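Okay, here's what each chain looks like letter by letter:
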Amino acid sequence: MKVILTGDRPTGPLHLGHYVGSLQNRVLYQRQYRQFVMLADAQALTDNMEDTAKVSRNVLEVALDYLAVGIDPEVSTIFIQSQVPELAELAFYYLNLVTVARLERNPTVKEEIRLRGFERDIPAGFLAYPASQAADITAFRASLVPVGEDQLPMIEQSNEIVRRLNRIAGREILLEAKALVPKIGRLPGIDGKAKMSKSLGNALSLSATAKEIRDAVKKVYTDPLHLKVEDPGHLEGNVAFAYLDAFDPDRDGLEELKACYVRGGVADSLAKARLEECLQELLGPIRARREELSRDKGEVISMLQKGTELAREEAAKTVCDVKSALGLAYF
Ligand code: TRP
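Within every chain, residues take consecutive numbers counted from 1 along the sequence as written. Residues qualify for local features only when their pLDDT is at least 70, as the model is predicted, and side-chain atom pairs are given and counted only at 80 or more; totals for whole chains, interfaces and linings, by contrast, use all residues. Side-chain metrics in this entry use all non-hydrogen atoms of the structure; hydrogen atoms and water are not considered.

(A) Examining the packing of helix α11 (residues 239-247) against helix α12 (residues 251-263) more closely. Contact geometry of α11 with α12 gives a least axis separation of 10 Å together with a crossing angle of 165°. Viewed along their axes, α11 and α12 adopt a mutual orientation that is roughly antiparallel. Crossing of α11 against α12: the hand is left-handed. For the pair α11 and α12, the contacting residues are F241, L244 and D245 in the first and R251, L254, L257, K258 and Y261 in the second. In this analysis, axes come from line fits to C-alpha atoms, helices being fitted only over the stretch in contact, and the angle between any two N-to-C directions falls in the range 0 to 180 degrees. The helix and strand labels rest on DSSP assignments: H or I over at least four residues marks a helix, E over at least two residues marks a strand, and numbering proceeds from the N terminus. Between 65 and 115 degrees an angle is taken as roughly perpendicular, under 35 as roughly parallel, over 145 as roughly antiparallel, and anywhere else as oblique. Handedness of a crossing follows from how the near helix is turned relative to the far one, being left-handed for an anticlockwise turn of less than a right angle and right-handed for a clockwise one. Only heavy atoms matter for contacts: two residues are in contact if any of them lie within 4.5 Å across the pair.

(B) Geometry of the site of the ligand. Whether a residue is near a molecule or strand depends on its heavy atoms: if one lies within 4 Å, it is near. As a matter of local geometry, the ligand sits amid 14 residues, with R9, Q43, Q133, D136 and Q151 nearest to it. Pairs of N or O atoms within 3.5 Å make up the polar contacts considered here, provided that, within protein, one atom can donate a hydrogen while the other can accept it, and that residues adjacent in sequence are counted only when both atoms are side-chain atoms. Note that an oxygen atom of the ligand is positioned 2.6 Å from one of the side-chain N or O atoms of R9. One of the side-chain nitrogen or oxygen atoms of Q43 is found 2.8 Å away from a nitrogen atom of the ligand. Protein chains bury 93% of the 360 Å² of accessible surface belonging to the ligand in isolation. Elements with a contribution of two residues or more to the shell around the ligand: β1 (3-8) and α8 (129-139). The element contributing the most residues to the shell around the ligand is β1, with four residues. Tallied by class, the residues present in the shell around the ligand amount to six nonpolar, five polar and three charged. Using a 1.4 Å probe, accessible areas were evaluated by the Shrake-Rupley method; residue-level cover was limited to the displayed protein chains. Note on residue classes: Ala, Val, Leu, Ile, Met, Phe, Trp, Tyr, Cys and Pro are nonpolar, Asp, Glu, Lys and Arg are charged, and everything else, Gly too, is polar.

(C) Representation of unusual backbone geometry. Non-glycine residue E119 carries a positive phi angle of around 50°. Structurally, the position occupied by E119 is in the loop between α6 (107-116) and α7 (124-127). Per-residue accessibility, obtained with a 1.4 Å probe over protein chains only, is compared with the maximum for each type, and a residue is labelled buried under 20%, exposed over 50%, and partly exposed between these values. Its relative accessible area of 67% is what places E119 among the exposed residues. Despite not being glycine, R141 has its phi angle at roughly 55°, a positive value. Among the structural elements, R141 can be located in the loop between α8 and β4 (144-146). Judged by its relative accessible area of 32%, R141 falls in the partly exposed class.

(D) Structural view of the pattern of salt bridges. For salt bridges, the criterion is a side-chain nitrogen of Lys or Arg within 4 Å of an Asp or Glu carboxyl oxygen. For the structure shown, the criterion picks out 23 salt bridges. Here E276 ties to R214 by a salt bridge, and the two come within 3.8 Å at their closest N and O atoms. One end of the pair, E276, is in helix α13 (residues 268-294); the other, R214, is in helix α10 (residues 210-219), and 62 residues separate them in sequence. According to the relative accessible area criterion, R214 is partly exposed, its value standing at 38%. D248 is the partner of R274 in a salt bridge, and the nearest nitrogen-oxygen pair spans 2.6 Å. Here D248 lies in the loop between α11 and α12 and R274 lies in helix α13, a separation of 26 residues in the sequence. With a relative accessible area of 24%, R274 lands in the partly exposed category.

This is the structure:
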């Protein structure tokens with residue numbers, strides 16, 4: 001069976017952007033593929049050494065988000081990155097298969113350096129995290145990686161490492177992987193910025209209360225030129241409609257609403273009322289399930305422990321292959 005490897009840095013609760021970006025695909029594909037879902041706590045530390053508790057605290061929160069949206073631990077293996085030392089071991093070797101210049105050119109890393117304002121003071125581990133991400137993907141022989149589109153350069157760089165190692169080994173030790181990105185593209189933030197992100201303060205978390213959902217919908221950016229109800233409205237850049245595209249199950253109703261809005265005669269408040277209805281319906285059951293699961297944290301921890309043991313076994317096989325390909329098999 002083909003393998004999926006995917007994951008998130010646990011630095012805060014997951015939000016609607018994660019849901020559209022990758023969680024939906026993970027739920028959808030988990031029965032067709034052998035899926036590993038990783039809580040990337042070690043990667044999260046690359047820029048959180050001043051607040052390590054934030055990372056460890058959020059491991060359980062993100063695990064609850066995974067379970068609440070329907071990632072099923074009976075078929076998916078959920079595990080914690082830092083507890084699989086084989087991943088660090090692989091990353092150590094892969095670091096010799098990338099150059100500093102290539103890491104500096106990685107568009108995802110570049111953008112994240114800009115967002116964090118590192119300038120010249122980039123933690124070395126942060127700059128090098130594409131090598132660790134390549135370790136994550138290859139350790140499980142994954143061929144598919146469901147992620148948001150901002151992660152595409154990561155998969156590309158991982159595949160470069162795979163090709164270099166296979167060339168050195170003279171045979172196919174590692175597998176190249178493909179990204180699985182959502183058709184709908186990236187979900188904008190509620191303020192209209194291109195990306196929903198907790199640090200930008202424009203996210204709606206999957207565990208939001210009914211009131212938080214209501215308040216967020218009120219703030220959703222629409223069309224600044226649509227002043228009177230009868231004015232024609234614009235859909236481009238209109239976050240209310242971007243979200244309806246993502247979350248309204250009544251596709252015909254939505255097309256009709258859009259046509260009326262563009263023609264003029266539909267108030268923003270009407271579109272927002274429909275949006276609120278859709279979001280309450282989507283998030284209500286997720287929130288309820290999350291609350292129920294969080295009553296027995298011990299059970300979640302033991303699920304993670306089992307998943308992590310399984311992940312270690314898988315990763316150990318790849319470490320063994322890579323080390324012998326590099327001539328590091330002495331006994
Ligand atoms: N970089 C991913 C993020 O931004 C997390 C991650 C770490 C990951 N390793 C991975 C995703 C491997 C997919 C595959 O959250």
